[in-house]
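Single-letter residue listing:
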Amino acid sequence: MKKWIALVCAVLLLGTSARAVEVSAPSALLMEKETGTVLFAKNEHEKLEPASVTKVMTLLLVMEAIDAGVLTYDTVITASAHACSMGGSQIWLRENEQMSVSDMLKAVCVVSANDCAVALAEAVAGSEEAFVERMNARAKELGMNDTTFKNATGLPADGHVTSAYDIALMSRELILNHPDIRQYTTIWMDTLRDGTSELVNTNKLIRFYEGATGLKTGSTDSALYCLSATAERDGMELIAVIMKGATSDQRFTDAKTLLTHGFSTYALHTITPDTPLPPVPVTLGTQATVQPVLGEGTALVLEKSAGELSQSVTLAESIDAPVAVGDPLGTMTVTAGEQVVAEIPILAGEEVPRVTYGQMLMRLLRTAFLSD
């Protein structure tokens, strides 16, 4: 509940500036990575074709497979006939051609290679169809309620839709938990096949926008021009999603507008106690005190004009054993000027079991012995 109170307070503070910027795209969204705070939204739940921005989910599942040990960056994949038949953006894989996971990830991130996306999907799940089932299952887990995937590439398919909001959710999951993807998404120009295949990033922001970190472009005749653009400045990373842009240049202009607005208007704050939190006495515990720690909600996105932050702490006078890690001990209230912007729970940072009768007897005997 306190997490929701903090979120509502933040939304109230962000409300005015969130409407102070305009983009030409019919659907768009700006989100801060660390907290997931939405800083701008326009028709963010409209179901639209994402084109190759679909590959954000493909990349996410591949990175999760690497984390799980299913693949490594050095794993060599043999291209199937199906992967080589994709068409659209590709690096012209030949059937049975072998290429490492790392090189295929590079091809997907830099030039949106459909053939490599499907080859990676097959390596993870055995077939593109099985991989798409995983894509949709993962989408549900992330709360992507506007999304249905039909393939791993974003090539046109009936019913293959998502929304600006859902794209931001999967983009956030990728860059928050798999920062290694930056080694590919920040490439402007590179090569494959011992320098014989040149790559130039389809995301122009990588070269022309300060702090750009990725992420994925997409376009088809029906989807028009889509983009999930990420950039980081002053320790804050933003995600700008543009859907159905009229032209390629316009999607980049819209994304730059949102990102620049975000960086100029908002700041990310990480709340830490001004002074160390004092131990809380424990009644009938195996130790006399328990050390409190801050719970969730220590990262806040606030308008730069919000004013200086101050904090006050309310702690329990004592707590009865047994104490479990995460038991509530109090609250830190953070204010900006007169506005409460967060109420962060203070929790037990360690376990303190209740003393047994034998332990209590030993304590009494020890006390009696010392008093003699």
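Counting of residues starts from 1 at the beginning of each chain's written sequence and follows it residue by residue. In keeping with the predicted nature of the model, local features appear solely for residues at pLDDT of at least 70, side-chain atom pairs appear and are counted solely at 80 or more, and the whole-chain, interface and lining totals rest on all residues. For the side-chain quantities, the full set of heavy atoms in the structure was used; hydrogens and water were omitted.

### Side note on the overall build of the chain
Move 1: Assigned secondary structure in the chain consists of 11 helices and 18 strands.
Move 2: Expressed as lengths along the three principal axes of its C-alpha atoms, the size of the chain is roughly 90 × 45 × 35 Å.
Move 3: Accessibility here uses a 1.4 Å probe with only protein chains present; expressed as a share of the type maximum, an area under 20% marks a residue as buried, one over 50% as exposed, and anything in between as partly exposed. Burial status across the chain gives 49% buried among its 372 residues.
Move 4: Two residues form a contact once any of their heavy atoms are found within 4.5 Å. Looking at the chain alone, contacts between residues at least 24 apart form 65% of all its contacts between residues at least 6 apart.
Move 5: Residues scored as charged are limited to Lys and Arg (positive) and Asp and Glu (negative), so that His and the chain ends carry no count. Here the site of a charge means atom NZ of a Lys, CZ of an Arg, CG of an Asp or CD of a Glu. For the chain, the distance from the average site of its 27 positive side-chain charges to the average site of its 45 negative ones is 3 Å. Helix and strand assignments follow DSSP, with helices taken as H or I runs no shorter than four residues and strands as E runs no shorter than two, numbered in order from the N terminus.

### Observations concerning the layout of surface pockets
Move 1: The distinction between a cavity and a pocket rests on a 1 Å grid over the protein atoms alone: a 1.4 Å probe fits inside a cavity but cannot get out, while a pocket stays open yet meets protein on both sides within 12 Å along at least five of seven lines, and a residue with an atom within 4 Å of a point counts as lining. Grid points are joined across faces, edges and corners, and a volume is the space filled by probe spheres set on the points. Estimates place the volume of the second largest pocket at around 190 Å³.
Move 2: Lining the second largest pocket are 16 residues, and of these Ser52, Ser89, Ser112, Gly218 and Ser219 lie nearest its centre.
Move 3: The biggest single contributor to the lining of the second largest pocket is strand β7 (residues 212-220), with four residues.
Move 4: Each residue is assigned to one of three groups, with Ala, Val, Leu, Ile, Met, Phe, Trp, Tyr, Cys and Pro labelled nonpolar, Asp, Glu, Lys and Arg labelled charged, and all others, Gly among them, labelled polar. Of the residues contributing to the lining of the second largest pocket, the split by class is three nonpolar, 12 polar and one charged.

### Comments concerning the sheet that holds strand β17 (residues 328-336)
Move 1: Sheet architecture is open: four strands sit in the order β13-β18-β17-β15, paired in antiparallel fashion. Two strands in the sheet have a free side with no partner beyond their single neighbour: β13 (292-294) and β15 (309-315). Recorded for the sheet is a direction-independent mean angle of 25° between the axes of neighbouring strands.
Move 2: The pairing of β15 with β17 spans seven bridges and is classified as antiparallel. Looking at the pairing, Val313 lines up with Met332 of β17. Here the rule is simple: two strands pair whenever DSSP picks up at least two bridges between them. Lines fitted to C-alpha atoms define the axes, with helix axes restricted to the stretch in contact, and inter-axis angles between N-to-C directions lie between 0 and 180 degrees.

### Some details on the packing of helix α2 (residues 55-67) against helix α4 (residues 101-111)
Move 1: One can describe the packing of α2 onto α4 by two numbers: an axis separation of 11 Å at closest approach and a directional angle of 160°. Between α2 and α4, the interaxial angle falls into the category roughly antiparallel. The way α2 lies across α4 gives a crossing that is left-handed. Along its contact with α2, which presents Lys55, Leu59, Val62, Met63 and Ile66, the element α4 presents Val101, Leu105, Val108 and Cys109.
Move 2: By residue class, the composition of the contact of α2 with α4 is eight nonpolar, no polar and one charged. We call two directions roughly parallel when the angle between them is under 35 degrees, roughly antiparallel when it is over 145, roughly perpendicular when it lies between 65 and 115, and oblique otherwise. Here a crossing is taken to be left-handed if its near helix is turned anticlockwise relative to the far helix by less than a right angle, and right-handed if that turn runs clockwise.

### Details of the pairing of strand β18 (residues 339-348)
Move 1: Bridge analysis of β13 against β18 gives three bridges, and the strand direction is antiparallel. In the sheet register, Val293 faces β18, and the bridge partner there is Leu347.
Move 2: The sheet contact formed by β17 and β18 spans eight bridges and is antiparallel. Each residue of the ladder has a partner; that of Val334, found in β18, is Ala342.

### Let's talk about a nonpolar patch on the surface
Move 1: Exposure above 30% relative accessible area and no salt bridge define the residues that can form patches, which grow by joining like charges within 9 Å and nonpolar side chains of Val, Leu, Ile, Met, Phe, Trp and Tyr within 5 Å. In these tables, accessible area is a Shrake-Rupley quantity obtained with a 1.4 Å probe, and a residue counts as shielded only by the protein chains included in the view. Basic side-chain nitrogens of Lys or Arg form a salt bridge, by our definition, when they fall within 4 Å of a carboxyl oxygen of Asp or Glu. A cluster of nonpolar residues, Leu284, Tyr357 and Met360, forms a patch on the protein surface that exposes about 340 Å² of accessible area.
Move 2: Residue position: Leu284 is located in the loop between β11 (280-283) and β12 (289-290).

### Some words on helix α5 (residues 114-125)
Move 1: A helix's residues, less one, multiplied by 1.5 Å, set its expected span. The end-to-end C-alpha distance of α5 is 16 Å, a good match for the 16 Å that 12 residues give at a rise of 1.5 Å each.
Move 2: Taken across its 12 residues, α5 has 11 buried, putting it largely inside the fold.
Move 3: Among the residues of α5, Asn114, Asp115, Cys116, Ala117, Val118, Ala119, Leu120, Ala121, Glu122, Val124 and Ala125 are the ones counted as buried.
Move 4: On its buried face, α5 is in contact with α2, β3 (76-78), α3 (81-84), α4 and α6 (128-141).
Move 5: Phi turns positive one or two residues past the end of α5, at Gly126, with a value near 95°.

### Digging into the packing of aromatic side chains
Move 1: By convention, a stacked pair of Phe, Tyr or Trp rings (six-membered ring in the case of Trp) has centres within 6.5 Å and planes under 30 degrees apart, an edge-to-face pair has planes over 60 apart, and any other such pair is tilted. By the definition in use, this model includes two aromatic pairs.
Move 2: Consider the rings of Tyr73 and Tyr184, whose centres lie 6.3 Å apart with planes at 45°: the pair is tilted. Here Tyr73, found in the loop between α2 and β3, pairs with Tyr184, found in helix α8 (residues 182-185); they are 111 residues apart in sequence, far enough to count as distant.
Move 3: Residue classification places Tyr73 among the partly exposed residues on the basis of a relative accessible area of 23%.
Move 4: On the basis of relative accessibility, which here comes to 3%, the residue Tyr184 falls in the buried class.
Move 5: Consider the rings of Trp188 and Phe208, whose centres lie 6.2 Å apart with planes at 75°: the pair is edge-to-face. You can see Trp188 sitting in the loop between α8 and β5 (189-192) and its partner Phe208 sitting in helix α9 (residues 205-208), a full 20 residues away along the chain.

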